[in-house]
Amino acid sequence: MIQPKTIMVVALALLFGAFGCVEKPAAKIDRHALVTRNNVTVEGFDSLASLSVGNGNFAFTTDLTGLQTFYSEYENGVPLGTQSNWGWNSNPNTENYQWSETLKYWDVQGREVPYRHQIKDNPRKNAACNYFRENPHRLHLGMVGLKLNKADGTPAVIDDIKNASHKLDLWTGKITSHFEFEGEPVTVETYCNQDQDQISAHIESPLIAKGQLAVQWKFPAAVAENTHAGYDFNSPEKHQSVLEENGGNEAKIHRQLDADSYELALNWTGDAKLSEAEPHTFVLQPTSGESLEVNCLFAPEVGDKTLADFTATKANNEEKWPTFWQSGGAVDFSACSDPRAKELERRTVLSQYLIQIQSSGNLPPAETGLTYNSWYGKFHLEMHWWHIAHFAQWNRPEYMLEQMDYYNKIYDKSLQTAEAQGYKGVRWPKMIGPDGENSPSSVGSYLIWQQPHIIWFAEQMYRANPTEETIEKYKKLVFATADFMADFPVWNGEQQQYNLEPPLIPAQEHWNRETTENPPFELAYWHWALTVANDWKERAGETKDDKWEDVRLKLAKPDQADGVYLGIQGATDSYTNMELMEDHPVVLGAYGILPAWDKIDPEVMRKTMHVIAERWDWPSTWGWDYPMAAMSAIRLNEPELALEFLLKDVQKNTYLKNGHNYQSERLRIYLPGNGGFLTTIAMMCAGWDGCTEKNPGFPKDGKWDVKWEDLSPMF
């Protein structure tokens, strides 16, 4: 069965192709060669090198056996997830916690303004805050692995796996594993169906006939922890797994966790029997032959969904993945002689794959995607730009559409937030699940830089398809967003300017919410978004909004001292106090992510950039900071510094064998780093509006013969 998403993406890809502003140049890159030379091969066991397949709404991560046989050995590396955008669990609210118990009130211009805060000085309220932060949390849908037994009947351990080779074919979305167990070869091929949440595996081994190889499903309880692999196999009493149908070569399993449920449909080829080995564990034991094919569909309800067999799933991937790679942008570094080029190409290709399988679905992505839970599997809207803005730069805007529609789904709640705080328009949340409820936070509730993102996305859509249809689709979101943005700043009659005032926390989150005023990036983003919003007014045949125009023109200038821009207004020790040079150096985003603004002096920003490059505590930064800093260097015509930023040798800028951006023992993968990297590569090649230089992000030293096609400039 083809999902509606697939039909929509194909149709809109055709639409964008028909109405796009720029005619595509003749292809000059051998895309098959580009992609396949960056295929991933992992020899032996590496807990940080698990490999995943997925379709944007569902992902399945495998170990060296090609399935999820040794999940505990990968638990502290890149865990073996089976996660989806529809699979969530909420613990029962047995204490009847209320959202009102999470509110902290602040005096703002003489009115009491409520914020959902992590209250810690009241046990009942603290418990309520924790409950709403933890729920809902994303589900691990179950481990699907091999059950390998030695000839004497004892189970295999990972050291028994010999000569293992674990490979990802990016061009066809196939994982292939070859290994030996007790002297016998085993080959496993694994795919994820691109049209439904199904995995299909083909297994070959003489061990099948010997009765030493079977396939096993293990189902866990859910885990409501901030950062966790997402499974609990030690609490069988907390959930139910019922084999509802089991006949012929197919079966169905029903899963129940509290009030939440989902189903699995299974089928297989060959002579094999499925049985319940113990609670929550089911084993498919072949009785003859040397090959086995297994298909497993996960769904909220299986209903009339039909499983594709292995051959059909393979064909599905062999059609869909080449179509993806042949669409949109491509960058080929093979003619470059600079030794850094090969790593740039590897990160570029692998980031596209990882974002496609984990971040192209119908919900904004979590920072660890569909691999394991960070922040309970919830997503952060201030990070949404880093996850998906690159799609438009790479001329694949169709992959943004469903996530943009999510803003319509949470519109009413965001409207209520603004109304409760006394503001016009909509105030978009920060840390949320599919229900759109903003999680209580002493930081997140005070961030404001997620607010303009939807205007950025809408403008990208208009660039891709400048029609009345696009305007009608997004103008409500643009206008309501701008209404809040014009109402939030505070007018200072003495200064004759609008200020961004407390309580707020900027993107560099260590600043105090009670004293932070006029952070530079937020000021610049406010100006850009209100400018674009009034452009949309005119496109819609309406008169420009006078309030929006007044605010954008009279916003405070970013504060500076000694020829550099300060982290926030008045913080003259921004670059002398080491405690203030931690976290995101986001002042650079004001002239990097964002285009020129007449209240930002490029030469002051250049000096600021060099001070940050020399003095910043880079180990404290995050994966998207290096692309952000590089974007500033590109706009300031310092391409060598851009490369230094983009490839900075610090732990949080590590890209693992599988392409994931490693941060720390807690965050072993971090998809905003991958998304930001792709946006920066596009900017290095295609530049930005008004840029006439070819490949502005690369030095002109004869070593950077970068070939690219079908990329769009930044704003």
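As the structure is a computational prediction, the values presented were derived from the model and not from experiment.

Rules and cut-offs
- Every chain is numbered independently, its residues counted from 1 as its sequence is written.
- In keeping with the model being predicted, local features are shown solely for residues with a pLDDT of at least 70 and side-chain atom pairs are shown and tallied solely at 80 or more, while totals for entire chains, interfaces and linings include all residues.
- Calculated side-chain values reflect all of the structure's heavy atoms, with hydrogen atoms and water omitted.
- Two strands form a pair only when DSSP identifies at least two bridges running between them.
- Runs of H or I in DSSP of at least four residues are treated as helices and runs of E of at least two as strands, each being numbered from the N terminus.
- To get an axis, a line is fitted to the C-alpha atoms, and for a helix only the part in contact is used. The angle between two axes follows their N-to-C directions and goes from 0 to 180 degrees.
- For this analysis, a ring pair means two rings from Phe, Tyr or Trp (six-membered ring only for Trp) whose centres lie within 6.5 Å, classed as stacked if their planes differ by under 30 degrees, edge-to-face if by over 60, and tilted for the remaining angles.
- For the exposure calls, accessible area comes from a 1.4 Å probe over protein chains only, and a residue counts as buried if that area is under 20% of its type's maximum, exposed if over 50%, partly exposed in between.
- By construction, the arc corresponds to the directions joining the helix axis to the C-beta atoms.
- Any two residues whose heavy atoms approach within 4.5 Å at even a single point are treated as in contact.
- Any pair of cysteine sulfurs within 2.5 Å is marked as a disulfide.
- To define a nonpolar core, start from buried Ala, Val, Leu, Ile, Met, Phe, Trp, Tyr and Cys residues and group those joined through side-chain atoms within 4.5 Å.
- Counting of polar contacts relies on pairs of N or O atoms within 3.5 Å, with two restrictions inside protein: one atom must be capable of donating a hydrogen and the other of accepting it, and residues adjacent in sequence are counted only when both atoms are side-chain atoms.

**Describing the sheet that holds strand β19 (residues 281-286)**
Thought 1: One open sheet holds the four strands; their spatial order is β9-β14-β19-β18, and the pairing between them is antiparallel. Of all strands in the sheet, those bounded by a partner on one side alone are β9 (143-148) and β18 (272-278). Averaged over all adjacent pairs, the angle separating strand axes in this sheet is 25°, with direction ignored.
Thought 2: Both β9 and strand β14 (residues 213-218) contribute to a ladder of six bridges, which runs antiparallel. Paired with L146 across the two strands is V215, which belongs to β14.

**Comments concerning the packing of aromatic side chains**
Thought 1: This model, assessed by the stated rule, comprises 46 aromatic pairs.
Thought 2: Ring centres of Y423 and F488 lie 5.5 Å apart, and the angle between their planes is 50°; this geometry places the pair in the tilted category. Pair noted here: Y423 is in the loop between α8 (411-421) and β23 (431-432) and F488 is in the loop between α10 (468-487) and β24 (490-492), with a separation of 65 residues, a long-range link. This pair shows no difference in class: Y423 is buried, exactly as F488 is.
Thought 3: Summarising the aromatic geometry, the rings of W528 and F715 are spaced 5.4 Å apart at their centres and angled 25° between planes, so their arrangement reads as stacked. Remark: F715 occurs in the segment after β30 (707-709) and W528 occurs in helix α11 (residues 520-539); sequence separation between them is 187 residues. Judged on exposure class, the residue W528 and its partner F715 are both buried.
Thought 4: Taken together, W385, W386, W449, W456, F521, Y525, W528, W624 and F715 form an aromatic cluster joined through their ring pairs.

**Re α8**
Thought 1: Taken together, the buried positions of α8 are occupied by Y411, S414, A418 and Q421. Buried residues of α8, seen end-on, are gathered within an arc of 100° and therefore sit on one face of the element.
Thought 2: Of the surrounding secondary structure, the elements contacted by the buried residues of α8 are β7 (111-116), α7 (401-409) and α10.
Thought 3: One or two residues past the end of α8 sits G422, with phi positive at roughly 85°.

**Some thoughts on the state of the cysteines**
Thought 1: According to the stated counting rule, one finds zero disulfides in the structure shown.
Thought 2: We note that C296 lacks a disulfide partner, and the nearest cysteine sulfur, in C192, lies 11 Å from it.
Thought 3: Judged by relative accessible area, which is 1%, C296 ranks as buried.
Thought 4: Of all cysteine sulfurs, the one in C685 lies closest to C691, which takes part in no disulfide; the gap is 11 Å.

**A closer look at the environment of E402**
Thought 1: By secondary structure assignment, the location of E402 is in helix α7.
Thought 2: In this structure E402 comes out as buried when scored by relative accessible area, which is 19%.
Thought 3: Along the chain, E402 and N362 lie 40 residues apart, while their C-alpha atoms are 4.8 Å from each other.

**Overview of the nonpolar core**
Thought 1: Counting 211 residues, the largest nonpolar core has W217, F333, W385, W456 and F457 as its most contacted members.
Thought 2: Looking at this core element by element, the count peaks at 11 residues for α11.
Thought 3: Those residues in contact with W385 that sit more than four places away from it in its chain are H453, W456, F457, Y525, I593, M631, T679 and M714.

**Details of unusual backbone geometry**
Thought 1: Following N135, the chain continues to P136 via a peptide bond in cis, the omega torsion being -5°.
Thought 2: Residue placement: P136 occurs in the loop between α3 (123-134) and β8 (137-138).
Thought 3: With an omega of 0°, the peptide bond running from P502 to P503 counts as cis.
Thought 4: We note that Y376 has phi near 65°; this positive angle belongs to a residue other than glycine.
Thought 5: Looking at the secondary structure, you find Y376 in the loop between α5 (341-359) and β22 (379-380).
Thought 6: A residue is classified by how much of its surface remains accessible, and Y376, at 9% relative accessible area, is buried.

**Some words on helix α12 (residues 546-554)**
Thought 1: Regarding α12, the residues found buried are W548, E549, V551 and R552. When α12 is viewed along its axis, its buried side chains cluster within an angular range of 165° and face the same direction.
Thought 2: Along its buried surface, α12 packs onto α10, β25 (497-499) and α11.
Thought 3: The backbone nitrogen of K547 lies 2.9 Å from a side-chain oxygen of the residue at the head of α12, namely D545.

Honestly, that's just the spatial picture; any functional story needs more than this.
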